[in-house]
Amino acid sequence: MLEARQLECTRGERVLFRDLSFWLGRGQLLRVAGANGSGKTSLLRIMCGLLAPSAGELRWQGRPIRTEREEYCRNLVFIGHLNALKDDLTALENLQVAAALGGKPSDAQRMLSGLDRFGVAHCAALPAKVLSQGQRRRVALAKLALAPAVPLWILDEPFSALDVGAVVELEHLLAAHLASGGMVVLTTHQEVQVVAHAVLRVDLDMHAAALLAA
Amino acid sequence: MIRAFGWVLRRDLMLAFRRRGDVVNALVFFVIVVSLFPLGVGPEASQLRNMAPGVLWVAALLACMLSLARLFAPDHQDGTLEQMLLAGEPLVVLVLGKVAAHWLVSGLPLVLMAPLLGLQFDLPGDALGVLCVSLLIGTPILSLIGAVAAALTLGVRGSGVLVSLLVLPLYVPVLVFGAGSVGATASGTGAEAHLLLLGGFLTLSLVLAPWASAAALRIAME
Amino acid sequence: MTKSERFSWFVFSSPQTFYPLAGKLQPWFAAAAALLCAVGLYISFFVAPTDAQQGESYRIIFIHVPAAWMSMFLYLVMGFWSGVGLVLNTRLSSMVATALAPTGALFTFIALWTGALWGKPTWGTWWVWDARLTSELILLFLYIGFMALQAAIDDPRRADKAGAVLALVGVVNIPIIYFSVQWWSTLHQGASVSMKSAPTMAATMLLGMLIMALGFWMYSIAAVLARVRSIILERERHTDWVAEEVGARA
């Protein structure tokens with residue numbers, strides 16, 4: 001469903017990776033690995049359509065994402081390093097805005113159930129600026145609980161700043177998503193057990209090394 | 001699309017309401033700048049009356065320009081701007097929502113405050129009315145054009161001054177016709193032509209500026 | 001002719017192939033510029049008749065007006081090449097646009113300065129807020145804004161594209177700005193102290209201005225070609241061909 005053809009990424013003068021191709025189907029998880037600075041975040045941003053690759057293309061269901069950006073964006077959820085929470089809005093309001101912009105229903109009940117999934121329902125009426133790092137990460141991830149129908153989840157270091165309980169909860173969520181035919185792309189430094197039908201791995205360090213050797 | 005516009009507008013208004021200090025600061029800046037001119041040129045009434053349209057308009061322009069720093073930069077820093085680019089709604093609609101909120105918070109208060117300041121300059125009643133109308137039509141144009149400059153300089157070092165440098169030449173037509181309309185009323189020649197032209201600029205900016213801002217945002221976020 | 005034999009202009013859209021071409025063409029344009037400007041100045045100072053009202057000081061118009069024309073023309077060209085770079089995603093077009101800006105700003109500055117030099121003996125003031133001078137001043141700000149924006153952005157491709165958006169916004173705004181300054185000028189100046197109150201054009205005067213304009217145009221091309229070459233070297237410095245080029249010269 002998501003196909004990458006010979007992607008190349010150049011930032012400034014450095015070529016981060018070249019001739020990268022892969023194919024991600026339903027129920028599959030793609031893990032992007034590599035050292036800091038190897039281009040993991042850039043690859044994820046290319047997959048979101050935020051960054052244009054310097055060569056190659058990305059296709060969603062056979063069609064290039066460049067030409068159908070809005071349609072593609074409706075089919076993905078991206079959670080990056082930044083939590084995308086407004087400090088002055090409450091956790092509940094933050095989720096409502098995110099849901100409404102994603103074209104989904106934004107009623108309070110639904111938002112609360114999402115927050116509850118990650119154990120931060122009690123933070124619903126608190127402005128994001130008074131929450132701890134871990135709590136904010138969990139509010140940010142609550143978006144995933146509210147978007148089961150969105151096929152592609154792209155997550156940049158989702159497990160960072162989470163305690164053990166939240167890590168387990170996120171793993172369950174990811175597993176359920178994959179089991180229902182969704183796709184996940186993630187980067188993580190932590191070794192977590194995510195059960196999947198198939199796990200793809202793109203290792204950007206080895207990729208660069210392989211290209212240099214070729 | 002309307003729903004997305006409404007939510008972005010509502011979100012930005014909520015945020016502005018919870019940070020009322022920022023909003024009030026811009027208004028106070030407007031008042032202070034206007035008050036500086038008589039101190040600079042002397043209190044002679046007829047001179048002030050002649051200067052008034054230009055002074056009020058330049059001050060409004062500067063106040064609007066200063067508030068551009070709050071338009072996209074905070075969203076850029078906490079990651080919400082990125083989410084807007086990924087929203088699956090046309091970015092142009094979301095930008096329009098933000099600009100509308102920006103105008104309501106930064107432009108409209110100037111429109112309401114201007115008559116009071118105009119009285120300080122002894123502007124006659126009909127001129128005050130035209131001043132209000134010209135600012136009402138003109139300040140949205142300032143927000144729209146300013147959005148393009150704010151988007152272009154997102155995350156760039158020295159962006160505060162750079163925005164001013166980019167945006168002030170583009171503000172010249174609005175200034176000429178805005179201040180000109182009040183001057184025309186005061187001198188008796190009638191302000192219709194000026195206001196109609198301002199209206200034309202507003203329409204043109206409504207069509208072109210959100211599109212240019214959206215393009216600039218995508219470039220800035222790459 | 002087979003496809004591979006057919007000559008395509010697109011081969012020159014790569015910095016690597018454009019670099020030597022620019023190097024070969026540049027001296028020719030520089031020579032043409034020198035020649036045309038020499039002829040133009042000769043006509044301005046020796047051939048064109050003395051004006052009845054303004055005497056000899058009006059001769060500065062032979063530099064002022066062509067410089068103003070060039071400043072306007074170069075902005076449009078800059079907007080065009082930026083636009084091409086933005087839409088077609090070509091690096092070289094954007095480099096040309098970046099190279100055009102300082103030359104355009106230079107001509108704007110010359111137009112302003114010569115305007116002042118004209119104003120002083122003619123009307124006694126160093127600056128006149130007339131429509132053309134004021135528009136040139138705003139045009140100078142637009143050029144400076146473009147250069148400042150590109151200088152402030154570190155990533156060259158982002159600088160190219162952001163500059164393009166700004167330049168295109170400028171191109172749309174320039175007619176509007178000129179129109180509003182024109183309006184403002186006629187409203188506020190009764191007995192007009194205007195650069196437009198130039199002596200009525202004798203044929204030799206027009207010829208002189210046209211030749212100077214052509215000379216300035218040749219100069220602009222020469223200057224832009226030289227500047228693009230150094231921009232290419234700087235932007236492509238990590239490639240092999242630049243390393244060879246710089247190594248060969250050292």
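1. Quick look at the overall build of chain A
Right, so step 1: Assigned secondary structure in chain A consists of 7 helices and 9 strands.
Right, so step 2: Whereas a compact globule of 214 residues would reach a radius of gyration of roughly 17 Å, chain A reaches 17 Å, a difference of no more than 12%.
Right, so step 3: Projected onto its principal axes, the C-alpha positions of chain A cover 55 × 35 × 35 Å.
Right, so step 4: Counting only residues that meet the buried cut, chain A has 43% of its 214 residues in that class.
Right, so step 5: A separation of at least 24 residues holds for 69% of the contacts in chain A among residues at least 6 apart in sequence.

2. Concerning the interface of chain B and chain A
How big an interface is tends to be stated in terms of the accessible area lost upon association of its parts.
Right, so step 1: Between chain B and chain A, the residue contacts involve 22 residues of the former and 22 residues of the latter.
Right, so step 2: Elements supplying a minimum of two residues to the side of chain B that touches chain A: helix 1 (2-18) and helix 5 (80-85) of chain B.
Right, so step 3: No other element matches helix 1 of chain B, which puts 7 residues into the side of chain B that touches chain A.
Right, so step 4: The residue inventory of the side of chain B that touches chain A, partitioned by class, reads 10 nonpolar, 4 polar and 8 charged.

3. A few points about the nonpolar core
Right, so step 1: Within the largest apolar cluster, 211 residues are counted, with the highest numbers of intra-cluster contacts made by Ala60(B), Leu152(B) and Ala216(B).
Right, so step 2: The greatest single-element share of this core, amounting to 16 residues, is contributed by helix 7 (residues 125-152) of chain B.
Right, so step 3: Here this core spans two domains, and each of domain 1 (1-75 + 154-214) and domain 2 (84-150) of chain A adds at least three residues to it.
Right, so step 4: Those residues in contact with Leu152(B) that lie beyond four places of it in its chain are Leu166(B), Ala216(B), Ala220(B), Leu149(C), Ala162(C), Val165(C) and Leu166(C).

4. Description of the packing of helix 2 (residues 20-41) of chain B against helix 6 (residues 91-120) of chain B
All names here are of chain B.
Right, so step 1: Running from N to C, helix 2 and helix 6 point in directions that differ by 35°, and their axes come no closer than 10 Å. Crossing hand, helix 2 versus helix 6: right-handed. Between helix 2 and helix 6, the contacting residues are Val23, Ala26, Leu27, Phe30, Val31 and Val34 on the first element and Val105, Ser106, Pro109, Leu110, Met113 and Leu117 on the second.
Right, so step 2: Looking at the contact of helix 2 with helix 6, its residues break down into 11 nonpolar, 1 polar and no charged.

5. Some remarks on the sheet that holds strand 2 (residues 14-24) of chain A
All names here are of chain A.
Right, so step 1: The sheet built from 4 strands is open, its strands ordered 2-1-4-5 with antiparallel pairing. Looking at strand neighbours, the two that pair on one side only are strand 2 and strand 5 (63-64), the edges of this open sheet.
Right, so step 2: As judged from the 2 bridges shared by strand 4 (residues 55-60) and strand 5, these two strands associate in the antiparallel manner. Across the sheet, residue Trp60 finds its bridge partner in strand 5, namely Arg63.
Right, so step 3: Across the face of the sheet, helix 1 (residues 40-48) comes into contact with strand 1 (2-11), strand 2 and strand 4 while running at roughly 130° to strand 1.

6. Re the packing of helix 7 of chain B against helix 9 (residues 192-220) of chain B
Residue and element names in this part refer to chain B.
Right, so step 1: Relative to each other, helix 7 and helix 9 sit at 20°, their axes nearing to 7 Å. What the angle tells us is that helix 7 and helix 9 run roughly parallel. Helix 7 and helix 9 meet at a crossing whose hand is left-handed.
Right, so step 2: Its residues placed into classes, the contact of helix 7 with helix 9 shows 20 nonpolar, 5 polar and no charged.

7. Side note on the interface of chain C and chain B
Right, so step 1: Each side of the interface is counted separately: chain C has 24 residues, and chain B has 21 residues.
Right, so step 2: Going through the elements one at a time, helix 4 (131-152) and helix 5 (156-188) of chain C are the ones with two or more residues in the side of chain C that touches chain B.
Right, so step 3: No other element matches the 15 residues that helix 5 of chain C contributes to the side of chain C that touches chain B.
Right, so step 4: A breakdown of the residues in the side of chain C that touches chain B according to their chemical character gives 19 nonpolar, 3 polar and 2 charged.

8. Topic: the pairing of strand 7 (residues 152-156) of chain A
Residues and elements named next belong to chain A.
Right, so step 1: Buried residues dominate strand 7, accounting for 5 of its 5 residues.
Right, so step 2: In this structure, strand 6 (residues 76-79) lies alongside strand 7, joined through 4 bridges in parallel fashion. Each residue of the ladder has a partner; that of Ile79, found in strand 7, is Leu155.
Right, so step 3: With 5 bridges joining them, strand 7 and strand 8 (residues 183-187) adopt parallel strand pairing. Residue pairing for strand 8: Asp156 is matched across the bridge by Thr187.
Right, so step 4: A crossover links strand 7 with its parallel partner strand 8, the connecting element being helix 6 (residues 164-179), and its sense is right-handed.

9. Concerning the confidence of the model for chain B
Right, so step 1: Looking at chain B, pLDDT values average 92 and 100% of them are 70 or higher.
Right, so step 2: Interface confidence in the predicted complex, given as ipTM, is 0.91; pTM for the same model is 0.89.

10. Quick look at the environment of Gly54(B)
Residues and elements named next belong to chain B.
Right, so step 1: Mapped onto the elements of the fold, Gly54 is located in helix 3 (residues 45-66).
Right, so step 2: You can call Gly54 partly exposed: it has 17 C-beta atoms within 10 Å.
Right, so step 3: Measuring from C-alpha to C-alpha, the distance between Gly54 and Met113 comes to 16 Å, with 59 residues separating the pair along the chain.

11. Quick notes on the domain arrangement of chain A
Residue and element names in this part refer to chain A.
Right, so step 1: Looking at chain A, the domain boundaries give domain 1 (1-75 + 154-214) and domain 2 (84-150).
Right, so step 2: Distance from the C-alpha centre of domain 1 to the C-alpha centre of domain 2: 24 Å.
Right, so step 3: The biggest single contributor to the side of domain 1 that touches domain 2 is helix 6, with 6 residues.
Right, so step 4: Counted by class, the side of domain 1 that touches domain 2 contains 6 nonpolar, 4 polar and 3 charged residues.

About the criteria used
- Residues numbered from 1 in each chain as written.
- Chains lettered and ligands numbered in written order.
- Predicted model: local features only at pLDDT ≥ 70, side-chain atom pairs only at ≥ 80, totals over all residues.
- Helix = DSSP H or I, 4+ residues; strand = E, 2+ residues; numbered from the N terminus.
- Rg over C-alpha atoms; globule rule 2.2 N^0.38 Å.
- Buried ≥ 20, exposed ≤ 12 C-beta atoms within 10 Å, placed from the backbone.
- Contact = placed C-beta atoms within 7 Å.
- Nonpolar A, V, L, I, M, F, W, Y, C, P; charged D, E, K, R; others polar.
- Core = buried A, V, L, I, M, F, W, Y, C linked by C-beta atoms within 7 Å.
- Domains from an automatic or database assignment.
- Axes fitted to C-alpha atoms, helices over the stretch in contact; angles between N-to-C directions.
- Left-handed = near helix turned anticlockwise from the far one by under 90°.
- Pairing = 2+ DSSP bridges.
- Parallel < 35°, antiparallel > 145°, perpendicular 65-115°, else oblique.
- Right-handed = clockwise from strand over helix to strand, strands pointing away.
- pLDDT = per-residue confidence, 0-100.

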